[in-house]
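The lines below spell out each chain.
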Amino acid sequence: MGCCSGRCTLIFICTLQLMLALERQVFDFLGYQWAPILANFFHIIIVILGLFGTIQYRPRYIVVYTVWTALWVAWNVFIICFYLDVGGLSKDSDLLTFNISAHHSWWSEHGPGCVRREMPQTPGGRTTESHSYITVMGCLMDYQYIEVVHSGTQILFALLGFVYACYVVSAITEEEDSFDFIGGFDPFPLYHVNEKPSHLLLKPMYLST
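Rules used in this analysis
- Residues numbered from 1 in each chain as written.
- Predicted model: local features only at pLDDT ≥ 70, side-chain atom pairs only at ≥ 80, totals over all residues.
- Heavy atoms only, no water.
- Phe/Tyr/Trp six-rings, centres within 6.5 Å; stacked < 30°, edge-to-face > 60°.
- Helix = DSSP H or I, 4+ residues; strand = E, 2+ residues; numbered from the N terminus.
- Buried < 20%, exposed > 50% of the residue type's maximum accessible area, 1.4 Å probe, protein only.

Would you take a moment to explain the packing of aromatic side chains for this structure?
What characterises a pair of aromatic rings is the spacing of the ring centres plus the angle enclosed by the ring planes. In the structure shown here, the tally under the stated rule is 11 aromatic pairs. Ring centres of Phe-27 and Trp-107 lie 4.7 Å apart, and the angle between their planes is 40°; this geometry places the pair in the tilted category. Of the two residues, Phe-27 is situated in helix α1 (residues 6-30) and Trp-107 in helix α4 (residues 107-110); the sequence distance between them amounts to 80 residues. The class for Phe-27 is partly exposed, based on a relative accessible area of 22%. The class for Trp-107 is buried, based on a relative accessible area of 15%. Arranged with centres 6.1 Å apart and planes meeting at 25°, the rings of Trp-68 and Trp-72 form a pair that is stacked. Of this pair, Trp-68 and Trp-72 both sit in helix α3 (residues 59-83), separated by 4 residues, roughly a single helical turn. Among the aromatic residues, those joined into a cluster by ring pairs are Trp-75, Phe-78, Phe-82, Tyr-83 and Tyr-143.

Quick look at the structure:
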């Protein structure tokens, strides 16, 4: 399989997926989004496994990566529905934080052009038990659309990875079958010549004159 084939393309796709997953993991950590953090962690592990399988010609690892890409597409579709309030989901809920905290996406306060202003809740001075409201103004793009763009990019590369992974698994399997057909994996090939030691009986010869 040549270097410019689907195998090298899959390596490139896996590398981009790994970089995008690490970037997304950083911002999910900053926003304390525990469900996406766990999903990103498993995604990074499986992508590394698929990358290793592609480099080392291990079709079983690539199959695991292929199955995971389908699940990853489903997860990102769920994230898109969550932030667009589709199907009874609400972006204001604490579902992605497992109801542990009231944190939301990091982009909700730190998006491009956003200005944060902190307003105390109690006008009579701030105490240790007082809380503050944070208002965000001037955002060039709402945070839910930033999350949708992130998930859409993940879906795009996951679909590309799924297609090329299926192609690479098929190509590797065909190569192994053809190699096995000509006796490449058989320690005793079809045309193996079994050489047996020949015993020669040497007898003295007398020349009569």
